[in-house]
Every structure is written in C-alpha cells, then in structure tokens.
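Fold and geometry: a report
So the chains spell out like this:
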Amino acid sequence: FFFGANAVPCASSPPQSMHLVCLALAFSPPILPVTVVAPRCAAPRAGLLDNIVVGLSDSVSGAFGGKAMGKVMGYSKDDRIARASHILLSFDAYPEGSSPDSEAMANGLKAKIEGGDFTFEFAAEKFSACQSAERGGDLGEFKRGAMVPSFDEAVFKVVEDEPLGTILGPVKTQFGHHLIKVVQRGEP
C-alpha cells in the first residue's frame, strides 16, 4: 500500500479519516487488492491566463501611457477569421542551395498560375507538400493566430488594392515557401 508521497497538496486533499481507513486496510489481511488514489486538484478555470495577461497589460500600459502592450493585446483581441488555400514548397523537397530551391519553385509556379497555364488547385495537387494538396490546397476556415506568424500576417494583412483571390507570396515559414490564396476574410 502506498499513499501519495507524490501527491500535490490542495484544498481538495482527502480528509484525515480517509488516511485512517487506508492504514487499516493496509494492515488487514489481504482479501482483495485495494488501490486508493488521491483526488487531484481542480484544473484552473478557462480564462485564468487571459485574466493574468490583461492585468499585466493594464499595469504596463498605464505606466507607459497606454502604448506599451498595444500591438500584443491588439493581436490577441483580433478575432477575425479567414479561409485560404496554399501551396507548400517544402525545404525537404526543394532544399536551399539546390536548383530549383523552394523560393525559385514558388516564383515559377506563381508565374504559371497568374499566366493561366495552371489553376491554383491543380498546382496545389501536383506540387504541394501539405496534406491539403488533396483538397486543392484548401485549409478551410481558421482564426487569427492559428497559423505560424509569417503565414498568419500574410493572410490577415489587408491591402486595399489587392482583391481576395490574389496569389500571395512566396511567404517563408519554417516549413518552406508558401503561395497563398485568401478566398474569404472577415469577422466571426
């Protein structure tokens, strides 16, 4: 019998009477195996981290005229959504220094798509290293912050004279170079 040497003390620890019952069971003749598991502490409520970050932000922003955390907190409060497709030309398939490397291949494919030789979906199916290639590169709908930062910035950056459906990139991430087609951007 072993009781909780690794137990974490918390408000919901077992009452003292449970310890006595467990000790009595430990020294009684074994009839059935007994396993006693100490209850765990309750998980933190959702939003605890948010409250901490907002509190810190308010403190820092108040001390520095309200501008210190503006970009960080503005980004975290940005709840826009987008729907996009992409073509990933991975560093594994097109290593830097090879001919062609992933950036050169992305630029070549972009020229073919914009020239009308390939559709974006066809190029994604044939050249993308992502599993979304099966769907023509369609990533579906996602929230701001769900993708790696450089990809996320490209998708959510609004350029006035650039309509939805314009091929963006190549955009470099840790996975390779991406061509991105944003088909929808808006509020949830």
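Structure first, text after, so check above.
If you're wondering where the values come from, they're calculated on a predicted model, not measured in any experiment. (Residues numbered from 1 in each chain as written. Predicted model: local features only at pLDDT ≥ 70, side-chain atom pairs only at ≥ 80, totals over all residues. Heavy atoms only, no water.)

Counting through the fold element by element, Leu164 comes out in the loop between helix 6 (149–156) and strand 3 (167–173). Taking the C-alpha atoms as reference points, Leu164 and Gln184, 20 residues apart in sequence, are found 6.7 Å from one another. Not counting the four nearest positions on each side in its chain, Leu164 is found in contact with Val182, Val183, Gln184 and Arg185. (Helix = DSSP H or I, 4+ residues; strand = E, 2+ residues; numbered from the N terminus. Contact = heavy atoms within 4.5 Å.)

Working note: non-glycine residues mostly have negative phi, and peptide bonds are mostly trans. The residue after Ser99, namely Pro100, is reached through a cis peptide bond having omega -5°. Structurally, Pro100 is set in the loop between strand 1 (81–90) and helix 4 (102–114). The step from Gly169 to Pro170 runs through a cis peptide bond, and the omega angle for that step is 15°. For Pro170, the location among the structural elements is in strand 3.

Turning our attention to the environment of Glu141. Within the element layout of this structure, Glu141 appears in strand 2 (residues 138–143). With a relative accessible area of 48%, Glu141 lands in the partly exposed category. It is 5.5 Å that separates the C-alpha atoms of Glu141 and Ala82, two residues lying 59 residues apart in sequence. Sequence-distant contacts of Glu141, defined by excluding residues within four places in its chain, comprise Ile81, Ala82, Arg83 and Gln184. (Buried < 20%, exposed > 50% of the residue type's maximum accessible area, 1.4 Å probe, protein only.)

Here the focus is the sheet that holds strand 1. The sheet built from 4 strands is open, its strands ordered 2-1-4-3 with antiparallel pairing. Here the strands that pair on one side only, and so sit at the sheet edges, are strand 2 and strand 3. With strand direction ignored, the average angle separating the axes of adjacent strands in the sheet is 35°. Sitting on the sheet, helix 5 (residues 120–127) touches strand 1, strand 3 and strand 4 (176–186), and the angle it makes with strand 1 is about 45°. (Pairing = 2+ DSSP bridges. Axes fitted to C-alpha atoms, helices over the stretch in contact; angles between N-to-C directions.)

Geometry of a packed helix pair, given as the angle between the helix axes and the separation of the axes. Where helix 4 contacts helix 5, the axes come no closer than 10 Å and their chain directions differ by 150°. For helix 4 against helix 5, the interelement crossing comes out right-handed. Between helix 4 and helix 5, the residues in contact are Met105, Leu109 and Ile113 and Phe120, Ala123 and Phe127, respectively. Among the residues making up the contact of helix 4 with helix 5, the classes are represented as 6 nonpolar, no polar and no charged. (Left-handed = near helix turned anticlockwise from the far one by under 90°. Nonpolar A, V, L, I, M, F, W, Y, C, P; charged D, E, K, R; others polar.)

All right, on to the environment of Gly176 then. With respect to the helices and strands, the residue Gly176 is situated in strand 4. With a relative accessible area of 0%, Gly176 lands in the buried category. Distance in space between the C-alpha atoms of Gly176 and Ala129 is 9.3 Å, their sequence separation being 47 residues. Excluding residues within four positions of it along the chain, Gly176 makes contact with Leu88, Leu89, Ser90, Phe91 and Val171.

We now examine the nonpolar core. One finds Ile87, Leu89, Tyr94, Met105, Ala106, Leu109, Ile113, Phe120, Ala123, Ala124, Ile167 and Leu179 forming the largest nonpolar core, which totals 12 residues. Going through the elements one at a time, strand 1, helix 4 and helix 5 are the ones with two or more residues in this core. Here this core takes 4 residues from helix 4, the largest share from any one element. Beyond its immediate stretch of four places on either side in the chain, Tyr94 contacts Leu89, Pro100, Asp101, Ser102, Met105 and Phe127. In terms of nonpolar packing, the next biggest core, distinct from the first, is built from 11 residues, Phe142, Phe151, Phe156 and Val171 among them. (Core = buried A, V, L, I, M, F, W, Y, C linked by side-chain atoms within 4.5 Å.)

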